[in-house]
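# Descriptive analysis of the structure
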Amino acid sequence: MNAAMLSRRISVAAGNEPADYVIKNGKIVDVFNGEIYEADVAIVDGYFAGIGFFHGKTIIDARGKYISPSFIDGHVHIESTMVCPAEFAKVQLLHGVTTVVTDPHEIANVTGITGIEFMLETTEGIPLDVYFMLPSCVPATSFEHAGANLESDDLRPFYQHPRVLGLAEVMNFPAVLNGDPSMLAKLTDAHLANKKIDGHAAGLTEEQLNVYTAAGIQTDHECTTAEEASARLRKGMYLMLREGTAAKDVRNLLPAVTSKNAHRCLFVTDDRHLDDILQEGSIDHNVRLSIKAGIPAETAIQMATLNAAECFGLKEIGAIAGGYKADFLLLTDLDDIIIDSVYKNGKLVVEKGELINYPESTLPNSVNELVDSIHFPILKESDLHIPLTGHAANIITIIPNSLLTIHDTAEVTLDEKGNFLPSTELDLLKLAVVERHHSTGQIGLGIVKGLGLTSGAIATTVSHDSHNLMIAGVNDPDMLMASQEIKNMQGGLVVVNDGKVIARLDLPIAGLMSTKSYEDVYTSLEELNAALLTIGASQHFNPFLTLAFLALPVIPELKLTVQGLFNVSSFQHIPVDVNETD
């Protein structure tokens, strides 16, 4: 913005000179008042100049369509789509999203500040506004084994970047509660820089939320029930309604949303796989779910636009009004959110489901610093043995489409040497987490129920948040082959059965992202999904993303780290063997 641009915008608003573009014959979605009305919309220099009756150099005939602000994702991890930012942007634009607030803590957990710098560099100049929240917990907890460690001194310089909005999801509640000096330094820096602070309040009671709000933590995306959602709203927090791939919470949270508090609610995807975005949508999917559940369309769109912008202090986006960026959608249907076209900064970027004039992009040379990140010794069968003194074991039970797990105990089968023997009849499989950053040889072993595999093994280097190698399987030989294939690929996802690799996806960038187009990655994901069906995986949830969160020791109840089973409630490791003591 300069004086000449401002002067021109005022002149257009006053009707003294023609606008660059004028949208006519459209129905404006007014997210301020929750109304629909008809008027012209004037655009100049990529901004809305005014609403009323205008003349312009170019007329955009809306032909009775709805003119809506484009959508904003208030919390997303780009790395979870497994494509690079330029490819991620293409997919988001196709679904009406022109702004995202991202937390690069996935790549930061592998490569530290190098990863953050890479994400900032590769999001510069693309036709998607990408704002950043700095990773607050790298590693997630003090006992985690990530590829990097970020302290306040590492993060502080990034606050000078114009697209850095604050400190990302604070997930180490004990560190906040106990006044850990490292955490206090990060929180203090964010306050001193007048930045936002996101929360991660999984499993916290309403009383414990006081600790977060006292620390200036303003949002939470980890609610799974309407009761939890109401508690966050009562504490003055913004409620982020998440619909990801593993965590699908929107329907459960909507009963907490009312006409009185909807302005404090916004939509996020958090971790959403590429295939789910292409098949169902991004934030547009959240909006559809909400409308079908009874939320008025105008309210749902407000939650997807203005509310997210206000939450993060983004004053120039989120509405159709003078002075706002001309980021908007033409919708043919308001209930089903059928997107006819997408405009970014007043320019057409998507029409009838096709990208328009998307700029060519290449990966910067800095990508070379992010490859060759898979380092672990070659595994042998004895590395996967779980010896038990009896048949009773602590096990992780999966809750489909949730990041939460259940801490169960079960009677398990043992081999002749007293080692755990997986059982497809009981759906009790072997689970391993292998440290892959520094070749320490550390391996955490556990038992998981609910994956449903009847043969073979699956493995991934996408395992939140430290992104060590995760393997689950019915037998040791297939698990070992899966680990070796991951090593050969230098990161990715793989399905193995009967000693053969039947599907794979290479993710050479930090073991998290592909260098290929989103179309090619989607094809590989479809092959993986088909392969999963051949080994009995459930069709009701995504096994790979579910597996990825079984290593995250900040979400209840029981998880697995390279040090073994971790009880999130007591915040300590426990043995697999029920008969053992710590």
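Computed from a predicted structure; not experimentally measured.

### As for the overall build of the protein
In terms of helices and strands, the protein carries 17 helices and 32 strands. Each principal axis of the C-alpha atoms in the protein carries an extent, and together these give about 90 × 50 × 45 Å. Here the protein, with 582 residues, has 63% of them falling under the buried criterion. A fraction of 69% describes how many contacts in the protein between residues 6 or more apart in sequence connect residues 24 or more apart. Carbon and sulfur atoms make up 49% of the accessible area of the protein, which totals about 20,900 Å². When the 39 basic and 75 acidic side-chain charges of the protein are each reduced to a single mean position, those positions are 6 Å apart.

### Considering the sheet that holds strand β5 (residues 47-52)
Strand order in this open sheet of four strands is β5-β4-β1-β6, and the pairing throughout is mixed. Each edge of the open sheet carries a strand with a single partner, namely β5 and β6 (56-61). Strand-to-strand, the axes of this sheet are offset by a mean angle of 25°, without reference to chain direction. The pairing of strand β1 (residues 19-24) with β6 spans five bridges and is parallel. Pairing of V22 across the sheet is with I59, part of β6. Its contacts with the sheet place helix α1 (residues 3-13) against β1, β4 (40-44), β5 and β6, and it is angled at close to 15° to β5.

### Examining helix α7 (residues 181-192)
Between the first and last C-alpha of α7 there are 16 Å, a value that for 12 residues agrees with the 16 Å anticipated at 1.5 Å per step. The complete set of buried residues in α7 reads M183, K186, L187, D189 and A190. Down the axis of α7, the smallest arc covering the buried residues is 160°, so these residues share one side. Opposite the buried face of α7, at more than 90 degrees from it, the exposed residues are P181 and L192. Where α7 begins, the side chain of D180 points an oxygen toward the backbone nitrogen of S182, at a separation of 3.1 Å. Phi turns positive one or two residues past the end of α7, at N194, with a value near 60°.

### Regarding the environment of S7
When you line up the elements, S7 lands in helix α1. For the pair formed by S7 and I486, sequence separation is 479 residues and the distance between their alpha carbons is 58 Å.

### Points about the UniProt feature "domain: Adenine deaminase C-terminal" (unreviewed entry) in the protein
Mapped onto this structure's residue numbering, the UniProt feature "domain: Adenine deaminase C-terminal" (unreviewed entry) falls at residues 403-572. Along residues 403-572 one finds 22% helix and 33% strand; the C-alpha atoms at either end are 19 Å apart.

### Observations regarding the pattern of salt bridges
Under the counting rule described, the total for this entry stands at 25 salt bridges. The closest approach of N and O atoms between D129 and K325, which form a salt bridge, is 3.0 Å. Placement of the pair is D129 in strand β10 (residues 129-134) and K325 in the loop between α14 (306-311) and β16 (328-333), with a sequence separation of 196 residues. Through salt bridges with shared partners, a single network forms among R8, E17, D20, D45 and K57.

### Considering the nonpolar core
By size, the foremost hydrophobic cluster in this structure holds 190 residues, and its most contacted members are L241, V287 and F328. Setting aside its immediate chain neighbours within four residues, L241 contacts V250, L253, L254, V257, C265, L266, F267, V268, N286 and M303. In this structure, I72, Y131, M133 and A309 belong to the second largest nonpolar core, which totals 16 residues.

### Some words on the side chain of N307
Relative to the helices and strands, N307 resides in helix α14. Looking at N307, the relative accessible area reads 1%, which means it is buried. Separated by 2.7 Å, the side chain of N307 and the backbone oxygen of A262 make a polar contact.

### Considerations on the pairing of strand β14 (residues 238-242)
The buried fraction of β14 amounts to five of the five residues, a majority that puts the element mostly inside the structure. Bridging between strand β13 (residues 219-220) and β14 involves two bridges; their strand directions are parallel. Counted as the bridge partner of D220 is L239 from β14. With respect to chirality, the unit in which β13 leads through helix α9 (residues 226-234) into the neighbouring parallel β14 is right-handed.

### With respect to unusual backbone geometry
Leaving glycine aside, a negative phi is the common case for residues, and trans is the common case for peptide bonds. At the junction of H464 and D465, the peptide bond is cis and its omega measures out at -5° in the coordinates. Within the secondary structure, D465 is located in the loop between β26 (457-460) and β27 (469-473). Note the cis peptide between P556 and E557, where omega equals 0°. We note that D372 has phi near 55°; this positive angle belongs to a residue other than glycine. For D372, the location among the structural elements is in the loop between β19 (354-355) and β20 (392-398).

### Section: the packing of aromatic side chains
Counted by the stated rule, this structure contains five aromatic pairs. Measuring from centroid to centroid gives 6.1 Å for F32 and Y324, while their planes differ by 65°, and the two rings are edge-to-face. Placement of F32 in the loop between β2 (27-30) and β3 (35-38) and of Y324 in the loop between α14 and β16 is noted, with a sequence separation of 292 residues between them. Judged by relative accessible area, which is 42%, F32 ranks as partly exposed. Centre to centre, the rings of F48 and F328 are 5.9 Å apart; their planes meet at 45°, and the pair counts as tilted. Pair noted here: F48 is in strand β5 and F328 is in strand β16, with a separation of 280 residues, a long-range link. F48 gets classed as buried once you look at its relative accessible area, which sits at 1%. F328 sits in the buried class, given a relative accessible area of 0%. One residue, R264, lies across the ring of Y238, its end atom 3.9 Å from the ring centre.

### Topic: a nonpolar patch on the surface
On the surface, M1, L6 and I10 cluster together into a nonpolar patch covering about 320 Å² of accessible area. Inspection of the secondary structure assignment puts M1 in the segment before α1. With relative accessibility at 58%, the residue M1 sits in the exposed group.

Criteria and cut-off values
- Residue numbers run consecutively from 1 along every chain, following the written order of its sequence.
- Reporting of local features is limited, given that this is a predicted model, to residues whose pLDDT is at least 70; pairs of side-chain atoms are given and counted only at 80 or more, and all residues count toward the totals for whole chains, interfaces and linings.
- Excluding hydrogens and water, the side-chain values take into account all heavy atoms of the structure.
- Under the scheme used here, helices are H or I runs from DSSP no shorter than 4 residues and strands are E runs no shorter than 2 residues, and both carry numbers assigned from the N terminus.
- The cut-offs for exposure are 20% and 50% of the maximum accessible area for each residue type, with area from a 1.4 Å probe on protein chains only; residues under the lower value are buried, those over the upper are exposed, and the others partly exposed.
- Should any heavy atoms of two residues lie within 4.5 Å, those residues are counted as being in contact.
- In short, Shrake-Rupley with a 1.4 Å probe defines the accessible areas, and a residue's cover is counted only from the protein chains shown.
- In this tally, Lys and Arg are treated as positive and Asp and Glu as negative; His is ignored, and so are the chain termini.
- By convention, charge coordinates are those of NZ in Lys, CZ in Arg, CG in Asp, or CD in Glu.
- When DSSP finds two or more bridges between two strands, those strands count as paired.
- Fitting a line to C-alpha atoms yields each axis, with helices limited to the stretch in contact; the angle taken between N-to-C directions then spans 0 to 180 degrees.
- Expected helix span is computed as 1.5 Å times (number of residues minus one).
- Throughout, the arc means that of the directions going from the helix axis to the C-beta atoms.
- What qualifies as a polar contact is a pair of N or O atoms within 3.5 Å, subject to a donor-acceptor requirement within protein and to the restriction that residues adjacent in sequence count only when both atoms come from side chains.
- UniProt positions are given in the numbering used here, feature names are shortened, and annotations may be inferred rather than shown by experiment.
- The term salt bridge refers to a pairing of a side-chain nitrogen on Lys or Arg with a carboxyl oxygen on Asp or Glu at a separation within 4 Å.
- We define the nonpolar core as a collection of buried residues of types Ala, Val, Leu, Ile, Met, Phe, Trp, Tyr and Cys that are connected through side-chain atoms lying within 4.5 Å of one another.
- Crossovers are described as right-handed under a simple rule: with the strands pointing away from the observer, the path leading from the first strand over the helix to the second runs clockwise.
- Pairing of aromatic rings covers Phe, Tyr and the six-membered ring of Trp, with a centre-to-centre limit of 6.5 Å; geometry is then stacked below 30 degrees between planes, edge-to-face above 60, and tilted otherwise.
- Two conditions define a charge located above a ring, namely a distance within 6 Å from the ring centre to NZ of Lys or CZ of Arg, and an angle within 35 degrees of the ring normal.
- Residues form patches when they are more than 30% accessible in relative terms and have no salt bridge. Like charges link within 9 Å. Nonpolar side chains (Val, Leu, Ile, Met, Phe, Trp, Tyr) link within 5 Å.

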